[in-house]
Amino acid sequence: MQADRETLRKIAHLARLEFNPDSEKEMLDSVNEILTWVEKLNEIDTTHVEPLTHMSEEVNVMREDIAKPPLPHDRALLNAPKKDADYFRVPKVIE
Amino acid sequence: MLNPEIREKYEVVIGLEVHCQLLTNSKIFASDTVEFGSMPNTNVSVITLGHPGTLPKLNKKAVEHAIKMGLACGCHITRHSVFARKNYFYPDLPKGYQISQDKTSICLGGTIHIKTKDGVEKSIGLTRIHLEEDAGKSIHLAGEADTLVDFNRAGTALIEIVSEPEIRSSDEAYAYLTEVRKLVRYLEICDGNMEEGSLRCDANISVMPKGSPVFGTKVEVKNMNSINNVKRAIEYEIERQILEVEQGKAIQLETRLFNANNGQTYSMRVKETMNDYRYFPEPDLTPLVISEEWLTSIRQSLPSLPQELFEKFTSKYGIPEYDALVLTDNKEIALYFDALCHYTTNYKSASNWIMGSVKSYLNESGLTVSQFPILPEQLAGLISLVDSNKVSNSVASQKIFPAMLKQPSLSALAIAESQNLMQESDTNSLQTLINEILASHPQKVTEYKKGKKGLLGMFMGEVMKKTGGKADPKLTNELLSKSLNT
């Protein structure tokens with residue numbers, strides 16, 4: 001499988017990543033190099049192998065439904081690039 | 001208004017996605033409080049805000065609630081499931097992904113039984129019910145350069161109930177939502193409040209020429225805050241889409257918002273491509289395994305469901321379907337009726353009392369059934385007073401019932417006796433009274449005997465006047481007729 005420029009741009013858009021158009025060729029080559037490397041795995045027949053979703057055997061790590069004190073309001077907003085007394089402020093989403 | 005003939009040529013295909021906020025104390029993956037109406041950004045934690053290095057931990061109660069809904073709908077419960085990340089960027093989702101379920105939803109299949117207002121009965125298939133976290137709330141104020149974000153809601157436990165595209169009209173959608181809301185309320189897993197957004201519905205709507213083998217392009221409509229608005233939005237969309245198709249235009253794959261003020265939908269965003277969420281298994285959460293024991297204990301904790309109570313009321317108590325439907329609309333009312341039926345065998349009268357006097361009192365006072373002062377056994381006492389002809393129906397509902405509301409500690413009998421409301425059904429004393437009345441109206445008696453039968457009512461009135469309305473009407477009628485016809 002080889003990615004084309006279209007796919008590269010789409011992936012970049014979905015990840016909200018920007019790159020210099022001059023480096024597009026270099027990016028594409030890198031991505032394809034990775035793809036080729038991972039493709040090596042296709043050599044193994046996995047027909048009857050269940051997908052391995054987790055590296056640990058552990059299951060059902062759960063908590064009881066008990067509410068605990070929240071983060072103090074000022075601490076919650078502390079790292080926000082932009083805020084007011086109540087809210088996080090972000091660039092306008094809908095016009 | 002669309003020409004009905006043109007409308008007739010098309011078939012409508014609707015699938016509904018219903019999000020229910022689960023009634024848990026804390027969020028699905030964090031311990032912050034779940035509460036509607038708190039000050040902005042006060043019910044948040046580092047997990048909710050997506051701070052680096054934090055880990056989610058699953059709320060057991062949320063899992064149980066989801067399974068309850070699955071069992072109530074006859075779903076297959078997935079015994080081994082994993083959570084998944086649904087990746088997209090939106091400011092109300094601080095992590096850049098929503099924890100949801102993808103390949104292994106906790107409940108698969110199942111059905112919702114509906115009955116439309118025209119009496120059409122149908123089972124709507126469910127695709128799945130899955131668990132996920134709610135997003136925060138974005139506030140877009142006019143004239144404000146920023147969007148304001150409140151994360152109190154972020155991380156609230158949700159189930160999303162996805163129907164198959166088997167709904168064919170706005171009436172069916174209305175019935176489906178009503179049923180879903182009734183179920184979650186019976187199960188006590190969601191308060192079902194669409195105005196506050198604890199139950200939300202997105203509708204996928206498409207139209208196609210009748211008999212077409214392929215569905216038309218679907219449009220997703222959001223932003224309906226009542227079941228009635230879902231119905232209105234669907235009706236508007238059906239007409240809009242048919243008109244577009246009739247004009248030879250292609251339906252756009254898009255998301256539209258409903259405007260309740262004018263009843264129209266308008267485009268919010270055109271979906272460029274589908275399935276760009278790049279789901280993958282959530283590595284921060286362990287797989288969820290539902291053991292047989294756990295499933296059994298959840299099954300045993302299920303309350304009676306509306307359909308079961310409907311069956312019981314119509315078959316065991318023999319009340320009309322209409323009554324059963326009204327009574328089972330609200331769980332508390334249904335259970336009150338069921339309790340009442342333990343103390344009386346006049347089930348129809350029990351149903352009448354609840355649908356009439358009890359419900360109108362509750363409506364007027366704004367109280368819930370649990371706050372209703374009269375216990376089922378006391379109301380049964382009143383029914384039995386009427387049934388044994390000790391008090392008339394009107395005295396029961398107009399005098400004794402209101403008195404019982406004021407003094408819930410007194411029995412119906414005690415009130416009837418203390419207020420002298422017991423019906424006169426002593427044959428001897430009534431007969432004496434009738435003899436006196438007839439003797440004082442010889443002229444009228446003669447007229448009656450000559451054929452003026454309407455005078456019976458006048459004599460009845462006299463008896464009632466003398467007894468202060470307490471004479472047993474049936475008995476009085478009998479005795480009067482007998483006396484006048486001899």
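Conventions used here
- Residues numbered from 1 in each chain as written.
- Chains lettered and ligands numbered in written order.
- Predicted model: local features only at pLDDT ≥ 70, side-chain atom pairs only at ≥ 80, totals over all residues.
- Heavy atoms only, no water.
- UniProt positions renumbered as here; feature names shortened; annotations may be inferred.
- Contact = heavy atoms within 4.5 Å.
- Buried area = accessible area lost by both parts, 1.4 Å probe.
- Salt bridge = Lys/Arg side-chain N within 4 Å of Asp/Glu carboxyl O.
- Polar contact = N/O pair within 3.5 Å; in protein donor to acceptor, adjacent residues only side chain to side chain.
- Helix = DSSP H or I, 4+ residues; strand = E, 2+ residues; numbered from the N terminus.
- Core = buried A, V, L, I, M, F, W, Y, C linked by side-chain atoms within 4.5 Å.
- Buried < 20%, exposed > 50% of the residue type's maximum accessible area, 1.4 Å probe, protein only.
- Domains from an automatic or database assignment.
- Pairing = 2+ DSSP bridges.
- Expected span 1.5 Å × (residues − 1).
- pLDDT = per-residue confidence, 0-100.

With an unreviewed UniProt entry as reference, chain B is termed Aspartyl/glutamyl-tRNA(Asn/Gln) amidotransferase subunit B, source organism Rhodocytophaga aerolata. Here chain B is described in UniProt, under the heading Sequence similarities (unreviewed entry), as follows: "Belongs to the GatB/GatE family. GatB subfamily."

Under an unreviewed UniProt entry, chain A has the name Aspartyl/glutamyl-tRNA(Asn/Gln) amidotransferase subunit C and belongs to Rhodocytophaga aerolata. As stated in UniProt under Sequence similarities (unreviewed entry), the record for chain A gives "Belongs to the GatC family." Per its UniProt entry, chain A bears the Subunit (unreviewed entry) comment "Heterotrimer of A, B and C subunits."

Draft legend 1. How the structure looks around the interface of chain B and chain A. Tallying the contact residues gives 54 residues for chain B and 35 residues for chain A. Both sides together, the interface formed by chain B and chain A hides about 3800 Å², and carbon and sulfur atoms give 58% of it. The interface formed by chain B and chain A contains five salt bridges. The residue lysine 82 of chain A makes a salt bridge to aspartate 146 of chain B at a minimum N-O spacing of 2.8 Å. Taken together, the links from chain B to chain A amount to 27 residue pairs in polar contact (both at pLDDT 80 or more). Listing elements by their share of the side of chain B that touches chain A, those giving two or more residues are strand E2 (58–59), helix H2 (60–72), strand E10 (137–140), strand E11 (146–150) and strand E18 (288–289) of chain B.

Draft legend 2. Geometry of the nonpolar core. Residue and element names in this part refer to chain B. Val63, Met69, Leu131, Ile159, Ile161 and Tyr176 are the most contacted members of the largest nonpolar core, which has 71 residues in total. In terms of residue count, helix H3 (residues 170–187) provides more of this core than any other element does, eight residues in total. The contacts of tyrosine 176, once residues within four sequence positions are left out, are Leu16, Val18, Ile112, Ile114, Ile124, Leu126, Ile161, Ser163 and Ile167. Listed in part, the 40 residues of the second largest apolar core include Phe313, Leu362, Leu379 and Val386.

Draft legend 3. Quick look at the domain arrangement of chain B. The domain architecture assigned to chain B consists of domain 1 (4–293) and domain 2 (427–484). Once you take the C-alpha centre of each, domain 1 of chain B and domain 2 of chain B turn out to be 69 Å apart.

Draft legend 4. Representation of unusual backbone geometry in the model. Backbone geometry at asparagine 60 of chain A places phi at a positive 50°, although glycine is not the residue there. Mapped onto the elements, asparagine 60 of chain A comes out in the loop between helix H2 (24–39) and strand E1 (62–63). Its identity as a non-glycine residue notwithstanding, glutamate 188 of chain B has a phi of 55°, on the positive side. By the element assignment, glutamate 188 of chain B lies in the loop between H3 and strand E13 (199–209).

Draft legend 5. Structural context of the pairing of strand E6 (residues 97–100) of chain B. Residue and element names in this part refer to chain B. A two-sided burial pattern is seen for E6, the buried positions comprising Tyr97 and Ile99 on one face and Gln98 and Ser100 on the other. Sheet analysis places strand E5 (residues 84–87) next to E6, joined by four bridges and oriented antiparallel. Within E6, the position partnered with asparagine 87 by the bridge is tyrosine 97.

Draft legend 6. Local environment of the side chain of lysine 27 of chain B. Residue and element names in this part refer to chain B. Relative to the elements of secondary structure, lysine 27 occurs in the loop between strand E1 (10–21) and E2. When its relative accessible area of 0% is taken as the criterion, lysine 27 is described as buried. Only 3.1 Å separates the side chain of lysine 27 from the side chain of aspartate 32, close enough to count as a polar contact.

Draft legend 7. Expanded view of the pattern of salt bridges. In total, this model carries 40 salt bridges over all chains according to the counting rule given. Note that arginine 89 of chain A and glutamate 144 of chain B form a salt bridge whose closest N and O atoms lie 2.9 Å from each other. Of this pair, arginine 89 of chain A sits in strand E2 (residues 88–91) while glutamate 144 of chain B sits in the loop between E10 and E11, which puts the two residues in different chains. On the basis of relative accessible area, arginine 89 of chain A is assigned to the buried category, the value being 17%.

Draft legend 8. Geometry of helix H4 (residues 227–246) of chain B. Counted at 1.5 Å a residue, the expected span for H4 of chain B with its 20 residues is 28 Å, and the 29 Å between its end C-alpha atoms agrees. Following H4 of chain B by one or two positions, glycine 248 of chain B adopts a phi angle in the positive range, close to 80°.

Draft legend 9. Focus on the side chain of glutamine 378 of chain B. Residue and element names in this part refer to chain B. Secondary-structure assignment places glutamine 378 in helix H10 (residues 376–387). On the basis of relative accessibility, which here comes to 14%, the residue glutamine 378 falls in the buried class. Setting aside its immediate chain neighbours within four residues, glutamine 378 contacts Pro373, Met404, Pro408, Ser409 and Leu410.

Draft legend 10. Focus on the confidence of the model for chain B. With 98% of its residues at a pLDDT of 70 or more, chain B has an overall mean of 92. For this predicted complex, the interface confidence score (ipTM) comes to 0.90, while the overall pTM stands at 0.85.

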